2 protein chains.
Amino acid sequence: MTIMETDLHKLNVTDPFLGQYQRLVREVVIPYQWDALNDRIPEADPSHAIENFRIAAGLSEGEFYGMVFQDSDVAKWLEAVAWSLCQKPDAELEKTADEVIALVAAAQCDDGYLNTYFTIKAPAERWTNLAECHELYSAGHMIEAAVAYFQATGKRSLLEVACRLADYIDNVFGPGVNQLQGYDGHPEIELALMRLFEVTQETRYRDLVNFFVEQRGTQPHFYDKEFAQRGGTWFWPNHGTAWMVNDKAYSQAHLPLSEQQSAIGHAVRFVYLMTGVAHLARLSGNERLRQDCLRLWQNMAQRQLYITGGIGSQSRGEAFSSDYDLPNDTVYAESCASIGLMMFARRMLELEGDSQYADVMERALYNTVLGGMALDGKHFFYVNPLEITPKYLKFNHIYDHIQPVRQRWFGCACCPPNIARLLTSIGHYIYTPRPDALFINLYIGNNVEIPVGDKPLRVRISGNYPWQESVEVRIDSPQPVQHTLALRLPEWCCDPQILLNGEAVQGEVRKGYMHLSRLWREGDTLSLTLPMPVHRVYGNPLVRSVAGKVAIQRGPLVYCLEEADNGEALHNVWLPKESEFRLVEGKGLFAHKVLIQAEGAKQIAAQPEQQQLWHFDTAPVTPEPHTLTFIPWFSWANRGEGEMRIWVNEG
Amino acid sequence: MTIMETDLHKLNVTDPFLGQYQRLVREVVIPYQWDALNDRIPEADPSHAIENFRIAAGLSEGEFYGMVFQDSDVAKWLEAVAWSLCQKPDAELEKTADEVIALVAAAQCDDGYLNTYFTIKAPAERWTNLAECHELYSAGHMIEAAVAYFQATGKRSLLEVACRLADYIDNVFGPGVNQLQGYDGHPEIELALMRLFEVTQETRYRDLVNFFVEQRGTQPHFYDKEFAQRGGTWFWPNHGTAWMVNDKAYSQAHLPLSEQQSAIGHAVRFVYLMTGVAHLARLSGNERLRQDCLRLWQNMAQRQLYITGGIGSQSRGEAFSSDYDLPNDTVYAESCASIGLMMFARRMLELEGDSQYADVMERALYNTVLGGMALDGKHFFYVNPLEITPKYLKFNHIYDHIQPVRQRWFGCACCPPNIARLLTSIGHYIYTPRPDALFINLYIGNNVEIPVGDKPLRVRISGNYPWQESVEVRIDSPQPVQHTLALRLPEWCCDPQILLNGEAVQGEVRKGYMHLSRLWREGDTLSLTLPMPVHRVYGNPLVRSVAGKVAIQRGPLVYCLEEADNGEALHNVWLPKESEFRLVEGKGLFAHKVLIQAEGAKQIAAQPEQQQLWHFDTAPVTPEPHTLTFIPWFSWANRGEGEMRIWVNEG
């Protein structure tokens, strides 16, 4: 089944809400990141990423500096620039990108190898430590950037770099006696080569992905073999042991994929791997791989997914823990993991056309992904807790990884550029164009032209999602086009209504989409009403951390209490079962956002510091009426440090 | 003020409950530990502790093995044996102890130094790393053993070893130019030297304690100086950094004591230090040190003490975290810390005669300390959680330190022998004999003879504490004795009644004790009724982890729910506010114990594994009536692995 994805990044986002984020990425994030890559941000850790390429290209003298995967920051920046250029041409930015691409090309070795760490610092150690050194991961990001830049600009120079690199990798890895039967500790090459296969139609790239996937987790184990071969050393000096080699589940390499039953290990690795596998399953028609995707998605989404679309319950290994173990305060829920989750969901949508994947994708987007970036575009969360009490953070090590406010940049700077490239390529998530139908997954305002046979289907979505219930989908095609539009009926919406040109219309609902087939004509207008009452959300009874608690959701947005509106000690706040909700128009920072209020109670005590710790027979608090103000969770921590919680006591 | 403590260990415990624990210590723990010290327990980590002494004494060939403080295990065993001999003479055990003492004496260096690690392995490194190497800590334990063995048996050989050791330490440490201005990373020497001072009346020992205490935390910092002097090395190979040197609060050495405001750092270190300081404050009449004790006790007891008498909210550093941060599931609450807390409380009682210290002491004893040992005397908890869900433990690193059942022995075997010596010396905690009164702190059945002036005051306490409300205190002295008895009125008891020879009596209540002065005659009988209704206990409103929850306490015993009685998913159990409690006589494992039942509710769901994670608008559970059975928390985990929780949802 062919997905015609090539032009989806060129859609024009007109959405007032998401459009503002795209503008932030264009105007703040990309320029800021460019300064960061060039070490021009005095208060941030140095990046040295561009300089590494200059040194590797022989244009500068010096030592490599940074993470072993520092190159990927440049790649992610290039990818974000590529998508951004589709939305708003910018000759100067494109010129800068072309110069970076020339630099990258200059840093590529004659044999096609491309990695500034190994080229500069350890040329003899190429491919000696796949488990720990991210060589194929970094290659994958450069391939992704190349595909994007080609799709965005039609320019081939970086694509040629990527193909030389991929061809070289295809020589190095494979079943042959002189080849390595290995695979990377950090999946990424798989999803990147699938994208390269789609634009080049070079089947070797797809077959190489298949090799990597089938090889993963087999015995005798490749990580052990290469570990022995390099004399039992490990790369990360502060690790103390070769735990990345030994803890094979960390990189989903403990078993062949077909034997894995649960989402496990490093959450970003898991979703990156599965993104590539789902893409491969579709394009190779491999039913066994499809079943692997279905099974592992199911475990993740039904047992290990936060209400915020976050994944990864623990900080050690930034990893999944176990089914239903979803602590709110010690959670990891890395921004990048939710971005990877959207990528995985997108590939599952392409494979299955089932709205359950879009529901999770939307949950991740409107909560953890948007929450990962401050409203100023300059500060980022790496970790996204569902509950925080700042004053306790620095004293108990279980909170070591938690920051109470977003930080400017990171030593390991994976999240900010990842958010940038996701937001700029959002078109790929809004639509899934399949031969049988154009699936509309997200109701983000945009206009786009999608080829259907030899005719262009022009679609314009407008509205003020996710704040208002009305969404309009209008056909702008000058020629009539016979096709099926599949409109997602969101899981959070009990009673969606759809009018076609003002009249009720009933299509077939399959897998959560309303399928409407018709000869679409210019001016045809679908008016969706997606009622957005405030929902109380309850956890599965196996989730310990939310027993007796309730979360508030409206549309796809999860809400939270913040200290700025509700005072301290949010653990003493109660939301009665019968309380009704009021929608409130936000002001200032919350302008154009919908806040929610309800009458609740707060357990109040006078001078609790003067009281003893434990009280016999009588609770030391008096419940007093308290108006609770909930804000969209993605917008928390934009007013300085304070308590926050999503799950509130009910009763 | 003189405390006449010398004979309190000789009291005869007749208490059916505590007596059974003392028997376990005599019949199981001490022999088992002796086997362990001699490496005769096949399934336990080797100890090598006795063999280390043999090697150091030149009686055996070989290398040192074990922790740098391995000697202290032998010392703690000797101390437990000493106290145990008071309760039940045992010629064979005493002969074994005498042989061990001869071995210890033989391992002592000519100059008085005694430490098998440094003697065998690193003789040139004596006193080069006080911050990390526990030299004075190990010395302190041997001094404690020596005092105990002298008090128990009248034999002086180990006491002479201890005095030679103490004299040598007094030469090494002090303000002189050729002396070290240091102090140990792990406090213990302070409390030990105070005990040695009490039996020898050698003021140099008390003054040396004063030196150690006053030196602690001063600048330039001793740990930094010795660190620089030994070339910047650290002792523990797996530490990666010199964190014990750098994190000075870990050992309460970040500031002079007079500037410290909070209980901080390693919990055992804190209470050991404060035990010595409180003892010194009393015997030196130092008001400033007394104020330090009052202030730091207050912080600990009012803000950082679990309902179980546990201290240490976090596993990293086995340490305090911050005020009101008392998580139930990731807690540390080491058994040894609660033993140290009892020691600190005892010294505060001696200093203040205030029942608040006895209340905490009792809370620690009947909950964490007894809970540290299995009912079989062979298994021990190091860490004492208030809530556990075993199936999640091994998958989330925040639970790495938690064991779902007691373990046989530990590589770092501090807790089992510490419990043994505490239980065998319980007389020191039952009574505080001050010149003004004999304070009765704990209502443990016993009989004892305490000198008052030149007359013996014989007291017999009987009853079935903590299960039954009636306690009898009877005077058995053949001659009348004029004295004051001060009977503790427990904090948990609202309406204590006291009859003297069957008639109501009213003494003066001061600091939680009923003071009764009289010419006590043989047969005088005080009949106490300490009503023991079941209490609901509520947390201070600043404690996040217990908001909306209730704990059950009867007498000094905290109760809990276990899966064995109440099924899985205890987070879904509710105890209504109006539920009444029934006392139930335990059977089998719980024979002679009182269990508690109440009608509650459990939120039930059919096949929750088949359900989605998040439910809109309707909670996915139905509350069903459920009879809740609470067991005394100290007795949890004696029926295999299962869920347990103290704090139950109320409402």
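Residues numbered from 1 in each chain as written. Chains lettered and ligands numbered in written order. Predicted model: local features only at pLDDT ≥ 70, side-chain atom pairs only at ≥ 80, totals over all residues. Heavy atoms only, no water.

- In the nomenclature of an unreviewed UniProt entry, chain A corresponds to Glycoside hydrolase family 127 protein from the organism Pseudescherichia vulneris NBRC 102420.

## Points about the domain arrangement of chain A
Residues and elements named next belong to chain A.
- By domain assignment, chain A separates into domain 1 (8–429), domain 2 (432–529) and domain 3 (534–650).
- Using only C-alpha atoms to locate each centre, domain 2 and domain 3 end up separated by 37 Å.
- The interface is formed by 5 residues belonging to domain 2 together with 12 residues belonging to domain 3.
- Carbon and sulfur atoms make up 66% of the surface buried where domain 2 meets domain 3, a total of about 710 Å² over both sides.
- Considering only the surface of domain 2 that becomes buried against domain 3, P466, W467 and W492 emerge as the three largest contributors, covering 87% of it.
- Between domain 2 and domain 3 we count 0 salt bridges in total.
- Run the count over domain 2 and domain 3 and you get 2 residue pairs in polar contact (both at pLDDT 80 or more).
- The residue makeup of the side of domain 2 that touches domain 3, split by class, is 5 nonpolar, no polar and no charged. (Domains from an automatic or database assignment. Contact = heavy atoms within 4.5 Å. Buried area = accessible area lost by both parts, 1.4 Å probe. Salt bridge = Lys/Arg side-chain N within 4 Å of Asp/Glu carboxyl O. Polar contact = N/O pair within 3.5 Å; in protein donor to acceptor, adjacent residues only side chain to side chain. Nonpolar A, V, L, I, M, F, W, Y, C, P; charged D, E, K, R; others polar.)

## What to know about the side chain of H615 of chain B
- With respect to the helices, strands and loops of the structure, H615 of chain B is situated in strand β20 (residues 614–616).
- Residue class for H615 of chain B comes out buried when judged on its relative accessible area of 13%.
- In contact with H615 of chain B, other than residues within four places in its own chain, are R536, V537, Y538, G539 and N540 of chain A together with P620 of chain B. (Helix = DSSP H or I, 4+ residues; strand = E, 2+ residues; numbered from the N terminus. Buried < 20%, exposed > 50% of the residue type's maximum accessible area, 1.4 Å probe, protein only.)

## Here we look at the relation of the copies chain A and chain B
- Overlaying chain A with chain B gives an RMSD of 0.0 Å, the required rotation being 180° about an axis along which the chain moves by 0.0 Å. Viewed as a symmetry operation, the transformation between the two copies matches a two-fold axis. Residue I398 of chain A of chain A places its C-alpha closer to the rotation axis than any other residue of that unit, at 3.2 Å.
- The fraction of interface residues of chain A whose copies in chain B are also interface residues reaches 100%, indicating that both copies meet through the same surface. (Least-squares fit on C-alpha atoms with pLDDT ≥ 70 in both.)

## Re the sheet that holds strand β8 (residues 481–488) of chain A
Residues and elements named next belong to chain A.
- Ordered in space as β3-β4-β8-β12-β11, the 5 strands form an open sheet in which the pairing is mixed. Each of the sheet's edge strands pairs with one partner strand only, and the pair in question is β3 (431–434) and β11 (508–510). Averaged over all neighbouring strand pairs, the angle between strand axes comes to 25°, with direction disregarded.
- Sheet analysis places β8 next to strand β12 (residues 513–520), joined by 8 bridges and oriented antiparallel. (Pairing = 2+ DSSP bridges. Axes fitted to C-alpha atoms, helices over the stretch in contact; angles between N-to-C directions.)

## So, the confidence of the model for chain A
- When pLDDT is averaged across chain A, the result is 95; 98% of the residues are at 70 or more.
- Predicted complex metrics record ipTM = 0.93 and pTM = 0.95. (pLDDT = per-residue confidence, 0-100.)

## With respect to the environment of L341 of chain B
Residue and element names in this part refer to chain B.
- Along the chain, the position of L341 falls in helix α15 (residues 335–352).
- In this structure L341 comes out as buried when scored by relative accessible area, which is 0%.
- For the pair L341 and A364, spaced 23 residues apart in sequence, the C-alpha to C-alpha distance is 7.4 Å.
- Setting aside residues no more than four positions away along its own chain, L341 makes contact with V271, W297, M300, L305, G309, I311, V360 and A364.

## With respect to the sheet that holds strand β9 (residues 497–500) of chain A
Residues and elements named next belong to chain A.
- Taken together, 7 strands build an open sheet; the order of strands is β1-β5-β6-β7-β13-β9-β10 and the sheet is antiparallel. Taken across any chain shown, the strands that pair with only one partner, and hence form the sheet edges, are β1 (12–13) and β10 (503–504).
- Of the pairings in the sheet, the one linking β9 to β10 comprises 2 bridges and is antiparallel in character. Across the sheet, the residue bridging to L499 is A504, located in β10.

## Things to note about the pairing of strand β4 (residues 437–440) of chain B
All names here are of chain B.
- Burial of β4 is two-sided: the residues A437 and F439 facing one way and the residues L438 and I440 facing the other way are all buried.
- Of the strand pairs in this sheet, strand β3 (residues 431–434) and β4 are connected by 4 bridges, and their pairing is antiparallel. Residue Y431 lies in a different strand from β4, and its bridge partner there is I440.

## With respect to the environment of L289 of chain B
All names here are of chain B.
- By the secondary structure assignment, L289 is in helix α14 (residues 287–303).
- Given the relative accessible area of 0%, L289 is considered buried.
- With residues near it in sequence (within four places) discarded, L289 still touches N210, V213, E214, L257, V277, L280 and A281.

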